[in-house]
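Coordinate inspection notes
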Amino acid sequence: MTKTAKPFMKNRSLMKIRAKLPSVTYQVIIKRSMFKEIKTADPCVMVIFGATGDLTKRKLFPALYNLAKDDFLPHKFSIVGVGRQEMSSIEFRSQIIGNFREFIPKGVDEKLIKWFEERIYYTGGDFNDDKKLFGDLKELLGEVTAEHQIPDNYFFYLATPPDLFANVTQKIVRNGLGKEENGCWRRFIYEKPFGHDLDSAKKLNADLLRIIKERQIYRIDHYLGKETVQNILVFRFGNSIFEPIWNRNFVDHVQITVAEKLGVEQRGGYYDSAGALRDMIPNHILQLVTLTAMEPPVSFEADSVRNEQAKILQAIQPFSPGDVMNHAVRGQYGDGEIDGEHVPGYRIEEKVSPHSNTETFAALRLSIENWRWADVPFYVRTGKRMPAKHSSIIIQFKRAPFMLFRDTSIERLTTNRIVIHIQPDEGITLHFGAKVPGPIVNMGPVDMDFNYLDHFGEQASTGYERLLFDCMIGDATLFQRADMVEAGWRIVTPALDVWKALPARDFPNYPAGSWGPADADELLSRDGRAWKNLTH
Ligand code: BG6
């Protein structure tokens, strides 16, 4: 155990608790060869639709690189990019190699770059042109599989807007590329957002199921690929001391924050028609809510976990229009300052309407009506251009009776909380009160910190690695089922409808670099609570 000399400062790094074994024991590089029981991915081809987009360069290729580095990709593997732009495979390759150098923070391994160079291809054209683009794709796949001796196992990654999902899938299938035969598999990953509201999600599910089978469908949410998110289950159900207090008898409320410093970057076109609520809440944030609130599953099989998550989604009380006014807050950033630099307001971002009424911040007060959580509010918020990139789940426990501490000033009376830090510094903090050294019994707040980096060393991760690997081995545990996607939309659709019918009149209502609009603070202060604005 290491302690710093200055206890009782409000700083979560002031007392670090380390595991009994020296932390060097855990400074391991995790490689596939260390997990003999892990299935090996079959030789296959990944086909990315939307290959020239932001997601492909920032996340998908860096994730593939990390997988290859740690030996998780099959040796017989290829990637075929498909985009609207016309360009040769050589040009695409050189773009991707450039992106590797830009988005792999610690520098690239030239041998790996060469490995990728040998197996990246591209074909471009109009996604509506059944014969030309999809015919070209079929021909290219034939060449690629022959050259690399890969059986016809394909997974198609649709990194496109959702209105293209059914159409593109239909064309893939119509060109004979979707049928599983001769022991070969065909899988389809759909990037979020899966639809834009409840009706569109239902229609999309129905349309896809007319074309392919549910077992071929992988609805991705990259938050489920994040280590700390998966660790919520291990933390809760692999330890015996937390679960007994993880309920309404002990927990006062839960706060979930996903704050981003970035604005909308090059994604103004998409974002201005989506907004913060659609972009983050029915998917990423509800995943965090369900994993925090769910009952223990009977096993870690895909459906056991997903059944428990689905029950929470069903138990979240749908908002009436009146609830939307009281329990949902929206905001849009104006210009402001982040890290000492001036940043422009949302309405003057590229591809954003100068009169846009799209929200860049959303906060909700959710109620989970079941035995474990009745009367325990779950406050969730997310926003762009906030002071820090920080995502966390805070389990705030009820206060102890404080009569014994009459000499302690009110701000030192400590309540307990567990903070699950999701990013950027993954870890867990336990906040509690301890005696301030001295002749009188006086209390002060301290933190016990567990930090992933200290114990397990650095693991480069985008969140997509695990999910891409799971798709290659056919494991859908960390993907969303149709009913879960629909339940997520069911929860947010009343707010979407009310906000659409009553456009905000006070936008922009928070300056870039702040923690969101005043109404978001009021959402909690009305209940006698306050957000914990953590920055690390
Ligand atoms: C995406 C959203 O799904 O998640 C983006 O569309 C958001 O708007 C991103 O920036 C956040 O992901 P992460 O992994 O950086 O928290």
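The structure reproduced in this document is the subject of the present report. This structure is a prediction, so every number in the text was calculated from the model and none was measured.

Describing helix H14 (residues 518-525)
Residues of H14 that are buried include every one of Ala520, Leu523 and Leu524, and no others. Seen end-on, H14 carries its buried residues on one side only, within an arc spanning 85°. The elements touched by buried residues of H14 are strand E9 (251-259), helix H10 (321-327), strand E10 (328-331), strand E14 (361-366) and strand E15 (378-383).

Examining the packing of aromatic side chains
A complete count under the given rule lists 29 aromatic pairs for this structure. When the centroid spacing of 5.5 Å and the interplanar angle of 50° are considered together, the rings of Tyr65 and Phe100 count as tilted. With Tyr65 in helix H1 (residues 54-69) and Phe100 in helix H2 (residues 89-103), the pair connects residues that are 35 residues apart, well separated along the chain. Residue Tyr65 is classed as buried on the basis of its relative accessible area of 1%. Geometrically, the ring pair formed by Phe155 and Trp185 is tilted, given 6.4 Å between the ring centres and 45° between the ring planes.

So, the site of the ligand
Close to the ligand lie 13 residues, the nearest being Tyr223, Lys226, Glu260, Asp279 and Gln423. At 2.6 Å, a side-chain N or O of Gln423 approaches an oxygen atom of the ligand. Relative to its unbound accessible area of 400 Å², the ligand is 87% covered by the protein chains.

What to know about empty space enclosed by the protein
On inspection of all chains with the given rule, the structure shows two cavities of 30 Å³ or more. Computed from the structure, the largest cavity encloses a volume of approximately 100 Å³. Around the largest cavity, the lining residues are Lys192, Pro193, Phe194, Arg219, Ile220, Pro282, Asn283, Gln480, Val485, Gly488 and Trp489. At the level of secondary structure, the elements contributing two or more residues to the lining of the largest cavity comprise helix H8 (268-293) and helix H13 (482-501). Counting residues per element, the lining of the largest cavity draws most heavily on H13, which supplies three residues. Here the lining of the largest cavity is composed, by residue class, of six nonpolar, three polar and two charged. Estimates place the volume of the second largest cavity at around 40 Å³.

Overview of the pairing of strand E3 (residues 44-49)
Most of E3 sits out of view: six of its six residues are buried. The pairing of E3 with strand E4 (residues 77-83) spans six bridges and is parallel. Across the sheet, residue Met46 finds its bridge partner in E4, namely Ile79. Where E3 meets strand E6 (residues 154-158), five bridges bridge the pair, whose relative direction is parallel. Across the sheet, the residue bridging to Val45 is Tyr154, located in E6.

Observations regarding the pairing of E6
Among the five residues that make up E6, five are buried, leaving the element largely enclosed by the rest of the structure. Of the two faces of E6, the one carrying Tyr154, Phe156 and Leu158 and the one carrying Phe155 and Tyr157 are both buried. Looking at chain direction, E6 and strand E7 (residues 186-190) are connected through five bridges and run parallel. Paired with Phe156 across the strands is Phe188, a residue of E7. Of the crossover connections in this fold, the one passing from E6 over helix H5 (residues 165-174) to the parallel E7 is right-handed.

Quick look at the sheet that holds E3
The sheet built from six strands is open, its strands ordered E5-E4-E3-E6-E7-E8 with parallel pairing. Two strands bound the open sheet, and with one partner strand each, they are strand E5 (120-124) and strand E8 (217-219). Here the strands of the sheet are splayed against their neighbours by 20° on average, with no regard to which way each runs. With five bridges connecting them, E4 and E5 associate as parallel partners. From the neighbouring strand, Ile79 faces E5, where its bridge partner is Ile120. Across the sheet, H2 is in contact with E4 and E5; its angle to E5 comes to roughly 120°.

Concerning the environment of Gly83
The residue Gly83 is located in strand E4 in this model. Look at Gly83 and you get buried, because its relative accessible area is 2%. Sequence spacing of Gly83 and Gly516 is 433 residues, and the spatial spacing of their C-alpha atoms is 37 Å. Not counting the four nearest positions on each side in its chain, Gly83 is found in contact with Tyr122, Thr123, Gly124, Gly125 and Phe127.

Re unusual backbone geometry
With an omega of 5°, the peptide bond between Gln423 and Pro424 qualifies as cis. Relative to the elements of secondary structure, Pro424 occurs in the loop between strand E17 (417-423) and strand E18 (427-435). Phe507 connects to Pro508 through a cis peptide bond whose omega is -10°. Along the chain, Pro508 falls in the loop between H13 and strand E20 (510-511). One non-glycine residue, Glu265, adopts positive backbone phi at about 50°. Note that Glu265 resides in the loop between E9 and H8.

Focus: the pattern of salt bridges
All chains considered together, the criterion is met by 28 salt bridges. One salt bridge connects Asp136 with Lys132, and the closest N-O pair in it is separated by 2.5 Å. A residue pair is termed a helical-turn pair when its members lie 3 or 4 positions apart in one helix, as Asp136 and Lys132 do in helix H4 (residues 130-148) at four residues. Among the ionic contacts, a cluster of salt bridges with common partners joins Arg236, Glu243, Glu295 and Arg372.

Some details on the packing of helix H6 (residues 198-211) against H13
For the pair H6 and H13, the least separation of the axes is 8 Å and the interaxial angle reads 165°. Comparing their axes, H13 and H6 come out roughly antiparallel. Regarding H6 and H13, the two cross each other, and that crossing is left-handed. Here Leu198, Ala201, Lys202 and Asn205 of H6 come into contact with H13, specifically with Ala482, Val485, Glu486, Trp489, Arg490 and Thr493.

Side note on the nonpolar core
Within soluble globular proteins, side chains that are nonpolar generally end up buried alongside one another. Residues Phe49 and Val289 are the most contacted members of the largest nonpolar core, which totals 154 residues. With 11 residues, H8 is the largest single contributor of residues to this core. Ignoring any residue separated from it by four or fewer positions in sequence, one finds Val289 in contact with Ile256, Ile312, Ile316, Leu366, Ile368, Phe378 and Val380.

Here is what the cut-offs are and how they apply
- Residues numbered from 1 in each chain as written.
- Predicted model: local features only at pLDDT ≥ 70, side-chain atom pairs only at ≥ 80, totals over all residues.
- Heavy atoms only, no water.
- Buried < 20%, exposed > 50% of the residue type's maximum accessible area, 1.4 Å probe, protein only.
- Helix = DSSP H or I, 4+ residues; strand = E, 2+ residues; numbered from the N terminus.
- Arc of directions from axis to C-beta.
- Contact = heavy atoms within 4.5 Å.
- Phe/Tyr/Trp six-rings, centres within 6.5 Å; stacked < 30°, edge-to-face > 60°.
- Near = heavy atom within 4 Å.
- Polar contact = N/O pair within 3.5 Å; in protein donor to acceptor, adjacent residues only side chain to side chain.
- Areas by Shrake-Rupley, 256 points an atom, 1.4 Å probe, with all protein chains shown as cover.
- 1 Å grid on protein atoms, 1.4 Å probe; cavity = no way out; pocket = protein on both sides within 12 Å on 5 of 7 lines; lining within 4 Å.
- Points joined across faces, edges and corners; volume = space filled by probe spheres on them.
- Nonpolar A, V, L, I, M, F, W, Y, C, P; charged D, E, K, R; others polar.
- Pairing = 2+ DSSP bridges.
- Right-handed = clockwise from strand over helix to strand, strands pointing away.
- Axes fitted to C-alpha atoms, helices over the stretch in contact; angles between N-to-C directions.
- Salt bridge = Lys/Arg side-chain N within 4 Å of Asp/Glu carboxyl O.
- Parallel < 35°, antiparallel > 145°, perpendicular 65-115°, else oblique.
- Left-handed = near helix turned anticlockwise from the far one by under 90°.
- Core = buried A, V, L, I, M, F, W, Y, C linked by side-chain atoms within 4.5 Å.

Coordinates in, geometry out; function isn't part of it.
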